[in-house]
Amino acid sequence: KLPLEGKVSWKAPSNIALVKYWGKKENQIPANPSISFTLDACTTRTTLSYSKLNRASDNFSFDLFFEGKKKEDFKPKINTFFQRIEKYIPFLKSYHFKIETSNSFPHSSGIASSASGMAALALCLMSIEKQINPQIKNTYFNQKASFLARLGSGSACRSIEGNLIQWGDYKAIPESSNLFGVKYPFEVHPNFKNFHDTILLVHKGQKTVSSTVGHELMHNHPFAQERFKQAHTNLDTLKEVISSGDLEKFIEVVESEALTLHAMMMTSLPYFLLMKPNTLEIINRIWSFRQATKTPICFTLDAGANVHILYPEKVKEKAIQFIQDELVAYCENGHYICDRIGNGAKKI
Ligand code: PMV
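Keep in mind that this is a model prediction, so the values were computed, not measured.

Peer 1: I keep staring at the overall build of the chain and nothing clicks. Help me out?
Peer 2: For the chain, the count of helices and strands is 8 helices and 14 strands. Here the chain has a C-alpha radius of gyration of 20 Å; the compact-globule value for 348 residues is 20 Å, and the two agree. Of the contacts formed within the chain by residues at least 6 apart in sequence, a portion of 75% connects residues at least 24 apart.

This is the structure we're talking about:
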(Lines give C-alpha, C1' and ligand atoms only; values in the text may rest on other atoms or scores of the structure.)
Protein backbone atom coordinates (compact mmCIF):
# COMPACT_ATOMS: atom_id res chain seq x y z
CA LYS A 1 0.00 0.00 0.00
CA LEU A 2 1.38 3.41 -0.96
CA PRO A 3 1.79 6.06 1.76
CA LEU A 4 -0.31 9.18 1.16
CA GLU A 5 2.42 11.70 1.80
CA GLY A 6 5.73 12.20 3.51
CA LYS A 7 9.21 13.62 3.33
CA VAL A 8 12.71 12.08 3.23
CA SER A 9 16.14 13.70 3.22
CA TRP A 10 19.59 12.43 2.29
CA LYS A 11 23.03 13.94 2.11
CA ALA A 12 25.24 12.32 -0.54
CA PRO A 13 28.92 13.01 -1.27
CA SER A 14 30.79 13.64 -4.46
CA ASN A 15 33.60 11.26 -5.44
CA ILE A 16 36.91 11.44 -7.25
CA ALA A 17 37.98 8.66 -9.60
CA LEU A 18 41.49 7.22 -9.39
CA VAL A 19 40.96 5.06 -12.46
CA LYS A 20 38.63 7.01 -14.72
CA TYR A 21 35.38 6.10 -16.40
CA TRP A 22 35.40 7.63 -19.88
CA GLY A 23 33.31 6.03 -22.60
CA LYS A 24 30.05 4.17 -22.23
CA LYS A 25 27.67 1.82 -23.94
CA GLU A 26 23.90 1.97 -23.93
CA ASN A 27 22.05 2.35 -20.62
CA GLN A 28 24.98 3.96 -18.86
CA ILE A 29 27.09 0.80 -19.03
CA PRO A 30 30.74 1.84 -18.63
CA ALA A 31 33.23 0.89 -21.33
CA ASN A 32 35.80 0.17 -18.61
CA PRO A 33 35.79 -0.35 -14.85
CA SER A 34 36.72 2.52 -12.54
CA ILE A 35 37.54 3.09 -8.89
CA SER A 36 37.05 6.19 -6.74
CA PHE A 37 37.54 7.73 -3.34
CA THR A 38 34.26 8.86 -1.84
CA LEU A 39 34.57 12.47 -0.66
CA ASP A 40 33.42 13.90 2.64
CA ALA A 41 32.88 17.68 2.48
CA CYS A 42 31.54 18.11 -1.04
CA THR A 43 27.94 16.98 -0.71
CA THR A 44 24.41 17.50 -1.95
CA ARG A 45 21.49 17.58 0.47
CA THR A 46 18.14 16.66 -0.97
CA THR A 47 14.70 16.60 0.61
CA LEU A 48 12.03 14.79 -1.34
CA SER A 49 8.44 15.52 -0.31
CA TYR A 50 5.79 13.33 -1.86
CA SER A 51 2.01 13.49 -1.96
CA LYS A 52 -0.12 10.86 -3.60
CA LEU A 53 -2.14 11.91 -6.63
CA ASN A 54 -5.80 10.91 -6.92
CA ARG A 55 -4.91 8.96 -10.00
CA ALA A 56 -1.55 8.21 -11.62
CA SER A 57 -0.55 11.02 -13.98
CA ASP A 58 0.61 10.61 -17.57
CA ASN A 59 3.73 12.65 -16.99
CA PHE A 60 6.08 12.97 -14.06
CA SER A 61 4.78 15.56 -11.65
CA PHE A 62 7.45 17.44 -9.70
CA ASP A 63 8.78 20.84 -8.69
CA LEU A 64 12.46 21.47 -8.21
CA PHE A 65 14.00 23.95 -5.81
CA PHE A 66 17.74 24.55 -5.91
CA GLU A 67 19.14 26.47 -2.95
CA GLY A 68 15.64 27.70 -2.12
CA LYS A 69 14.75 28.92 -5.60
CA LYS A 70 12.47 27.21 -8.07
CA LYS A 71 14.58 25.96 -10.97
CA GLU A 72 12.95 25.20 -14.28
CA ASP A 73 16.20 24.66 -16.19
CA PHE A 74 17.20 21.58 -14.13
CA LYS A 75 13.88 19.89 -14.81
CA PRO A 76 14.67 18.23 -18.16
CA LYS A 77 17.61 16.36 -16.57
CA ILE A 78 15.38 15.04 -13.78
CA ASN A 79 12.69 14.19 -16.28
CA THR A 80 15.14 12.09 -18.31
CA PHE A 81 16.31 10.45 -15.10
CA PHE A 82 12.71 9.60 -14.13
CA GLN A 83 12.05 8.16 -17.58
CA ARG A 84 15.07 5.89 -17.25
CA ILE A 85 14.19 4.63 -13.78
CA GLU A 86 10.42 4.39 -14.12
CA LYS A 87 10.49 0.64 -14.73
CA TYR A 88 12.38 0.12 -11.50
CA ILE A 89 10.37 2.62 -9.41
CA PRO A 90 6.76 1.85 -10.29
CA PHE A 91 5.30 4.47 -7.91
CA LEU A 92 6.93 7.42 -9.75
CA LYS A 93 3.77 8.53 -11.54
CA SER A 94 1.54 8.05 -8.49
CA TYR A 95 2.99 11.05 -6.68
CA HIS A 96 3.61 14.71 -6.96
CA PHE A 97 7.17 15.36 -5.75
CA LYS A 98 8.83 18.43 -4.37
CA ILE A 99 12.60 18.15 -4.73
CA GLU A 100 14.59 20.60 -2.61
CA THR A 101 18.31 20.40 -3.11
CA SER A 102 21.44 22.31 -2.16
CA ASN A 103 25.18 21.78 -2.39
CA SER A 104 27.87 22.27 0.23
CA PHE A 105 30.16 23.64 -2.46
CA PRO A 106 29.50 26.90 -4.26
CA HIS A 107 27.27 26.82 -7.31
CA SER A 108 29.19 26.96 -10.59
CA SER A 109 32.49 26.31 -8.84
CA GLY A 110 33.30 23.90 -11.64
CA ILE A 111 32.67 20.99 -9.28
CA ALA A 112 30.08 18.78 -10.87
CA SER A 113 27.10 18.19 -8.62
CA SER A 114 25.68 15.46 -10.82
CA ALA A 115 27.29 12.61 -8.85
CA SER A 116 26.23 13.80 -5.39
CA GLY A 117 22.91 15.16 -6.66
CA MET A 118 21.80 12.02 -8.46
CA ALA A 119 22.97 9.84 -5.56
CA ALA A 120 20.97 11.90 -3.04
CA LEU A 121 17.81 11.76 -5.16
CA ALA A 122 18.18 8.02 -5.78
CA LEU A 123 18.56 7.44 -2.02
CA CYS A 124 15.41 9.49 -1.29
CA LEU A 125 13.47 7.34 -3.76
CA MET A 126 14.84 4.21 -2.10
CA SER A 127 13.65 5.49 1.27
CA ILE A 128 10.12 5.72 -0.15
CA GLU A 129 10.49 2.22 -1.56
CA LYS A 130 11.52 1.04 1.88
CA GLN A 131 8.41 2.54 3.42
CA ILE A 132 6.34 0.59 0.94
CA ASN A 133 8.39 -2.54 1.49
CA PRO A 134 10.04 -2.43 4.94
CA GLN A 135 11.60 -5.86 4.47
CA ILE A 136 14.28 -4.69 2.05
CA LYS A 137 17.78 -5.20 3.37
CA ASN A 138 20.60 -2.66 3.52
CA THR A 139 22.68 -4.38 0.86
CA TYR A 140 19.77 -4.31 -1.57
CA PHE A 141 18.96 -0.73 -0.58
CA ASN A 142 22.47 0.51 -1.35
CA GLN A 143 22.84 -1.57 -4.47
CA LYS A 144 19.59 -0.37 -5.95
CA ALA A 145 20.32 3.25 -4.93
CA SER A 146 23.63 2.95 -6.78
CA PHE A 147 21.90 1.30 -9.76
CA LEU A 148 19.37 4.15 -9.97
CA ALA A 149 21.99 6.86 -9.47
CA ARG A 150 23.99 5.36 -12.35
CA LEU A 151 21.04 5.97 -14.64
CA GLY A 152 21.13 9.66 -13.65
CA SER A 153 24.86 10.12 -14.08
CA GLY A 154 27.29 7.22 -14.45
CA SER A 155 29.79 8.26 -11.81
CA ALA A 156 26.94 8.92 -9.33
CA CYS A 157 26.73 5.18 -8.69
CA ARG A 158 30.04 5.55 -6.81
CA SER A 159 28.55 8.16 -4.42
CA ILE A 160 26.39 5.97 -2.17
CA GLU A 161 28.94 4.32 0.13
CA GLY A 162 32.49 5.00 1.32
CA ASN A 163 35.44 4.91 1.17
CA LEU A 164 36.76 3.28 -1.96
CA ILE A 165 34.23 2.24 -4.57
CA GLN A 166 34.65 -0.01 -7.57
CA TRP A 167 32.27 0.22 -10.52
CA GLY A 168 32.26 -1.94 -13.63
CA ASP A 169 33.04 -5.58 -14.40
CA TYR A 170 36.56 -6.30 -13.26
CA LYS A 171 37.91 -9.81 -13.04
CA ALA A 172 39.74 -9.44 -9.71
CA ILE A 173 36.50 -8.48 -7.95
CA PRO A 174 33.86 -11.13 -8.66
CA GLU A 175 31.09 -9.06 -7.04
CA SER A 176 31.84 -6.05 -9.26
CA SER A 177 29.16 -5.05 -11.73
CA ASN A 178 28.53 -2.72 -14.64
CA LEU A 179 25.17 -1.92 -13.05
CA PHE A 180 26.20 -0.49 -9.68
CA GLY A 181 29.18 0.41 -7.53
CA VAL A 182 30.49 -1.93 -4.82
CA LYS A 183 32.62 -1.27 -1.79
CA TYR A 184 36.24 -2.14 -2.53
CA PRO A 185 36.47 -5.59 -0.93
CA PHE A 186 40.22 -5.92 -0.25
CA GLU A 187 42.48 -4.77 2.50
CA VAL A 188 43.33 -1.06 2.43
CA HIS A 189 46.79 -0.05 3.69
CA PRO A 190 46.77 2.62 6.46
CA ASN A 191 48.47 5.02 4.00
CA PHE A 192 45.14 5.29 2.18
CA LYS A 193 42.97 5.79 5.22
CA ASN A 194 42.13 9.41 5.88
CA PHE A 195 43.54 10.43 2.51
CA HIS A 196 43.15 14.11 1.61
CA ASP A 197 41.82 15.78 -1.50
CA THR A 198 42.31 19.54 -1.71
CA ILE A 199 40.36 20.81 -4.69
CA LEU A 200 41.85 23.82 -6.41
CA LEU A 201 39.19 25.83 -8.23
CA VAL A 202 41.07 26.95 -11.30
CA HIS A 203 38.08 27.83 -13.42
CA LYS A 204 34.56 28.23 -12.13
CA GLY A 205 32.78 28.77 -15.45
CA GLN A 206 30.74 26.28 -17.41
CA LYS A 207 32.64 23.53 -19.19
CA THR A 208 32.80 23.98 -22.95
CA VAL A 209 32.07 20.29 -23.60
CA SER A 210 29.82 18.21 -21.34
CA SER A 211 30.85 14.75 -20.16
CA THR A 212 27.87 13.30 -22.04
CA VAL A 213 29.46 14.53 -25.27
CA GLY A 214 32.93 13.42 -24.12
CA HIS A 215 31.76 9.85 -23.44
CA GLU A 216 30.05 9.84 -26.82
CA LEU A 217 33.32 10.76 -28.56
CA MET A 218 34.94 7.56 -27.29
CA HIS A 219 32.91 5.72 -29.93
CA ASN A 220 35.20 5.46 -32.97
CA HIS A 221 38.01 7.04 -30.98
CA PRO A 222 41.33 5.84 -32.45
CA PHE A 223 42.79 4.94 -29.04
CA ALA A 224 39.63 3.73 -27.30
CA GLN A 225 40.37 0.01 -27.18
CA GLU A 226 43.90 0.54 -25.84
CA ARG A 227 42.56 2.96 -23.26
CA PHE A 228 39.91 0.51 -22.03
CA LYS A 229 42.61 -2.19 -21.71
CA GLN A 230 44.88 0.21 -19.87
CA ALA A 231 42.16 0.90 -17.28
CA HIS A 232 42.13 -2.82 -16.42
CA THR A 233 45.92 -2.90 -16.10
CA ASN A 234 45.87 0.20 -13.93
CA LEU A 235 43.25 -1.38 -11.69
CA ASP A 236 45.49 -4.44 -11.28
CA THR A 237 48.39 -2.18 -10.30
CA LEU A 238 46.24 -0.16 -7.91
CA LYS A 239 45.04 -3.34 -6.23
CA GLU A 240 48.66 -4.15 -5.34
CA VAL A 241 49.30 -0.56 -4.33
CA ILE A 242 46.25 -0.26 -2.09
CA SER A 243 47.28 -3.30 -0.07
CA SER A 244 51.03 -2.57 0.04
CA GLY A 245 50.74 1.19 0.64
CA ASP A 246 53.21 1.95 -2.19
CA LEU A 247 52.65 5.70 -2.59
CA GLU A 248 55.14 6.11 -5.41
CA LYS A 249 53.31 3.63 -7.60
CA PHE A 250 49.97 5.13 -6.51
CA ILE A 251 51.11 8.53 -7.76
CA GLU A 252 52.23 7.07 -11.07
CA VAL A 253 48.90 5.35 -11.76
CA VAL A 254 46.71 8.22 -10.59
CA GLU A 255 48.51 10.97 -12.48
CA SER A 256 48.74 8.85 -15.61
CA GLU A 257 44.99 8.21 -15.41
CA ALA A 258 44.26 11.92 -15.11
CA LEU A 259 46.45 12.84 -18.06
CA THR A 260 45.13 9.95 -20.14
CA LEU A 261 41.55 11.15 -19.54
CA HIS A 262 42.50 14.54 -20.95
CA ALA A 263 44.58 12.98 -23.71
CA MET A 264 41.43 11.15 -24.83
CA MET A 265 39.65 14.50 -25.04
CA MET A 266 42.48 16.04 -27.03
CA THR A 267 42.53 13.14 -29.49
CA SER A 268 38.75 12.86 -30.02
CA LEU A 269 37.15 14.13 -33.20
CA PRO A 270 36.13 16.86 -32.70
CA TYR A 271 39.01 17.40 -30.24
CA PHE A 272 38.69 19.60 -27.20
CA LEU A 273 40.63 20.85 -24.19
CA LEU A 274 39.29 21.32 -20.69
CA MET A 275 42.56 22.15 -18.94
CA LYS A 276 43.47 25.82 -18.52
CA PRO A 277 46.95 27.36 -18.37
CA ASN A 278 46.72 27.40 -14.57
CA THR A 279 45.91 23.68 -14.53
CA LEU A 280 49.31 23.07 -16.17
CA GLU A 281 51.08 25.56 -13.89
CA ILE A 282 49.77 23.67 -10.88
CA ILE A 283 50.81 20.29 -12.30
CA ASN A 284 54.34 21.56 -12.96
CA ARG A 285 54.60 23.04 -9.46
CA ILE A 286 53.49 19.73 -7.94
CA TRP A 287 56.14 17.87 -9.92
CA SER A 288 58.90 20.28 -8.87
CA PHE A 289 57.84 20.21 -5.24
CA ARG A 290 57.65 16.43 -5.22
CA GLN A 291 61.06 16.09 -6.77
CA ALA A 292 62.64 18.59 -4.40
CA THR A 293 61.04 17.42 -1.16
CA LYS A 294 60.09 13.77 -1.86
CA THR A 295 56.65 14.50 -0.42
CA PRO A 296 54.09 11.94 -1.71
CA ILE A 297 51.61 14.41 -3.13
CA CYS A 298 49.96 14.13 -6.52
CA PHE A 299 47.15 15.45 -8.65
CA THR A 300 44.16 14.11 -10.45
CA LEU A 301 41.64 15.78 -12.75
CA ASP A 302 37.98 15.40 -13.50
CA ALA A 303 36.44 16.41 -16.78
CA GLY A 304 37.34 20.05 -16.12
CA ALA A 305 40.12 22.50 -15.32
CA ASN A 306 40.10 22.13 -11.53
CA VAL A 307 42.90 20.16 -9.90
CA HIS A 308 42.40 17.64 -7.10
CA ILE A 309 45.51 17.38 -4.93
CA LEU A 310 45.77 14.01 -3.21
CA TYR A 311 48.02 13.26 -0.23
CA PRO A 312 48.14 11.00 2.81
CA GLU A 313 47.42 12.16 6.36
CA LYS A 314 51.09 11.88 7.35
CA VAL A 315 52.16 14.76 5.08
CA LYS A 316 49.11 16.93 5.69
CA GLU A 317 50.90 19.95 7.23
CA LYS A 318 53.59 20.01 4.58
CA ALA A 319 51.08 19.64 1.78
CA ILE A 320 48.78 22.40 3.02
CA GLN A 321 51.73 24.74 3.47
CA PHE A 322 52.85 24.06 -0.10
CA ILE A 323 49.32 24.53 -1.46
CA GLN A 324 48.94 27.84 0.33
CA ASP A 325 52.40 29.11 -0.55
CA GLU A 326 52.55 28.05 -4.16
CA LEU A 327 49.26 26.88 -5.60
CA VAL A 328 46.45 29.07 -4.29
CA ALA A 329 47.74 31.87 -6.52
CA TYR A 330 46.55 29.85 -9.53
CA CYS A 331 43.00 29.43 -8.22
CA GLU A 332 40.18 31.70 -9.34
CA ASN A 333 39.80 34.25 -6.52
CA GLY A 334 42.15 32.10 -4.42
CA HIS A 335 39.36 29.61 -3.93
CA TYR A 336 39.97 25.98 -2.90
CA ILE A 337 38.14 23.31 -0.91
CA CYS A 338 39.73 21.00 1.66
CA ASP A 339 38.17 17.60 1.37
CA ARG A 340 39.11 14.06 2.33
CA ILE A 341 38.05 10.49 1.83
CA GLY A 342 34.60 9.94 3.34
CA ASN A 343 32.18 7.31 4.57
CA GLY A 344 29.33 7.69 2.12
CA ALA A 345 25.79 9.07 2.10
CA LYS A 346 23.74 9.71 5.24
CA LYS A 347 20.03 9.91 5.92
CA ILE A 348 19.21 13.23 7.58
O1 PMV B 1 29.30 10.61 -14.54
P2 PMV B 1 29.63 11.36 -15.79
O3 PMV B 1 28.86 10.86 -16.96
O4 PMV B 1 29.50 12.84 -15.61
O5 PMV B 1 31.15 11.07 -16.15
C6 PMV B 1 32.19 11.59 -15.41
C7 PMV B 1 33.48 10.95 -15.76
C8 PMV B 1 34.71 11.48 -15.04
O9 PMV B 1 34.37 12.28 -13.94
C10 PMV B 1 35.54 12.32 -15.98
C11 PMV B 1 35.57 10.30 -14.58
C12 PMV B 1 35.00 9.49 -13.46
O13 PMV B 1 35.23 8.28 -13.47
O14 PMV B 1 34.38 10.07 -12.54
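Peer 1: What is the right way to read the packing of helix α7 (residues 277-293) against helix α8 (residues 316-327) from this model?
Peer 2: Helix-helix packing is characterised by the crossing angle of the two axes and by the distance between the axes. In the contact formed by α7 and α8, the axes pass within 11 Å of each other and the chain directions differ by 130°. When the interaxial angle is binned, α7 and α8 end up oblique. The chirality of how α7 crosses α8 is right-handed. Here α7 contributes Ile282, Arg285 and Phe289 to the contact with α8, which in turn contributes Phe322, Glu326 and Leu327. Of the residues assigned to the contact of α7 with α8, the class counts are 4 nonpolar, no polar and 2 charged.

Peer 1: What is the right way to read the site of the ligand from this model?
Peer 2: Close to the ligand lie 14 residues, the nearest being Ala17, Tyr21, Ser155, Ser211 and Ala303. Taken together, the residues that form the shell around the ligand break down as 5 nonpolar, 7 polar and 2 charged. Counting contributing residues per domain, the shell around the ligand is built from domain 1 (5-188) and domain 2 (193-340), each supplying no fewer than three.

Peer 1: Just to check I follow, could you spell out the domain arrangement of the chain for this structure?
Peer 2: Often, the extent of an interface is quoted as the loss of accessible area upon association of its parts. What the domain assignment lists for the chain is domain 1 (5-188) and domain 2 (193-340). Tallying the contact residues gives 27 residues for domain 1 and 35 residues for domain 2. Of all elements in the fold, only β1 (5-19) and β4 (34-52) reach the threshold of two or more residues within the side of domain 1 that touches domain 2. Counting residues per element, the side of domain 1 that touches domain 2 draws most heavily on β4, which supplies 6 residues. A breakdown of the residues in the side of domain 1 that touches domain 2 according to their chemical character gives 18 nonpolar, 5 polar and 4 charged.

Peer 1: What am I meant to see in the sheet that holds strand β10 (residues 196-200) here?
Peer 2: Whether parallel or antiparallel, the strands of a sheet pair through hydrogen bonds between backbone atoms. Spatially, the 4 strands line up as an open sheet ordered β11-β12-β10-β13, and their pairing is antiparallel. Both edges of this open sheet fall to β11 (298-301) and β13 (336-340), since each of them pairs with a single strand only. For this sheet the average axis-to-axis angle between neighbouring strands, irrespective of direction, equals 25°. Its contacts with the sheet put α7 on β10, β11 and β12 (307-311), and the angle it makes with β11 is roughly 155°. Relative to β10, α8 is tilted by about 5°, and along the sheet it contacts β10 and β12.

Peer 1: Honestly, the packing of helix α1 (residues 75-85) against helix α3 (residues 138-152) in this entry has me stumped. Any pointers?
Peer 2: Interhelical geometry of α1 versus α3 gives an angle of 130° and a closest axis separation of 8 Å. Classified by the angle between their axes, α1 and α3 sit oblique to one another. Once α1 is placed against α3, the crossing between them reads as right-handed. Of the residues in α3, those in contact with Phe81, Arg84 and Ile85 of α1 are Leu148, Leu151 and Gly152. For the contact of α1 with α3, the class distribution of residues is 4 nonpolar, 1 polar and 1 charged.

Peer 1: When you look at the nonpolar core in this model, what are you seeing that I'm missing?
Peer 2: Nonpolar side chains in soluble globular proteins tend to be buried together. Counting residues in each nonpolar core, the largest one holds 94 residues, and the members touching the most others are Ile35, Ala119, Ala122, Leu123, Ala149 and Leu200. In terms of residues, this core owes the most to one element, helix α2 (residues 114-132), which gives 11 residues. Counting the residues that make up this core, at least three belong to each of domain 1 (5-188) and domain 2 (193-340). Once you skip the residues sitting within four places of it in the chain, Leu200 turns out to touch Ile282, Asn306, Val307, Ile309, Leu327, Tyr330, Cys331 and Tyr336.

Peer 1: I tried to follow α3 on my own but got confused; where do I start?
Peer 2: Two residues of an α-helix separated by three or four positions point the same way, owing to the 3.6 residues in each turn. Spanning 15 residues, α3 covers 21 Å between terminal C-alpha atoms, matching the ideal 21 Å at 1.5 Å per step. By the criterion of burial, α3 is predominantly enclosed, with 11 of the 15 residues buried. Burial in α3 covers these residues: Asn142, Gln143, Lys144, Ala145, Ser146, Phe147, Leu148, Ala149, Arg150, Leu151 and Gly152. Where α3 is buried, its residues contact α1, α2 and β9 (181-183).

Peer 1: I would appreciate a short explanation of the environment of Gln225 in the present structure.
Peer 2: With respect to the helices and strands, the residue Gln225 is situated in helix α5 (residues 224-244). You can call Gln225 exposed: it has 10 C-beta atoms within 10 Å. Taking the C-alpha atoms as reference points, Gln225 and Ala115, 110 residues apart in sequence, are found 26 Å from one another.

Peer 1: So what exactly am I meant to see when it comes to α2 here?
Peer 2: The end-to-end C-alpha separation of α2 is 27 Å, in line with the 27 Å expected for 19 residues at 1.5 Å each. The buried fraction of α2 amounts to 15 of the 19 residues, a majority that puts the element mostly inside the structure.

Peer 1: Please clarify how unusual backbone geometry should be interpreted in this entry.
Peer 2: Most of the time, phi is negative for any residue but glycine, and the peptide bond is trans. Of note, the bond from Gly162 into Asn163 is cis; its omega dihedral lies within 30 degrees of zero at -20°. The step from Leu269 to Pro270 runs through a cis peptide bond, and the omega angle for that step is -5°. Position of Pro270 among the secondary structure elements: in the loop between α6 (247-266) and α7. Even without being a glycine, Gln28 presents a positive backbone phi close to 60°. Mapping Gln28 onto the fold places it in the loop between β2 (24-25) and β3 (29-30).

Rules used in this analysis
- Residues numbered from 1 in each chain as written.
- Predicted model: local features only at pLDDT ≥ 70, side-chain atom pairs only at ≥ 80, totals over all residues.
- Helix = DSSP H or I, 4+ residues; strand = E, 2+ residues; numbered from the N terminus.
- Rg over C-alpha atoms; globule rule 2.2 N^0.38 Å.
- Contact = placed C-beta atoms within 7 Å.
- Axes fitted to C-alpha atoms, helices over the stretch in contact; angles between N-to-C directions.
- Parallel < 35°, antiparallel > 145°, perpendicular 65-115°, else oblique.
- Left-handed = near helix turned anticlockwise from the far one by under 90°.
- Nonpolar A, V, L, I, M, F, W, Y, C, P; charged D, E, K, R; others polar.
- Near = placed C-beta within 6 Å.
- Domains from an automatic or database assignment.
- Pairing = 2+ DSSP bridges.
- Core = buried A, V, L, I, M, F, W, Y, C linked by C-beta atoms within 7 Å.
- Buried ≥ 20, exposed ≤ 12 C-beta atoms within 10 Å, placed from the backbone.
- Expected span 1.5 Å × (residues − 1).

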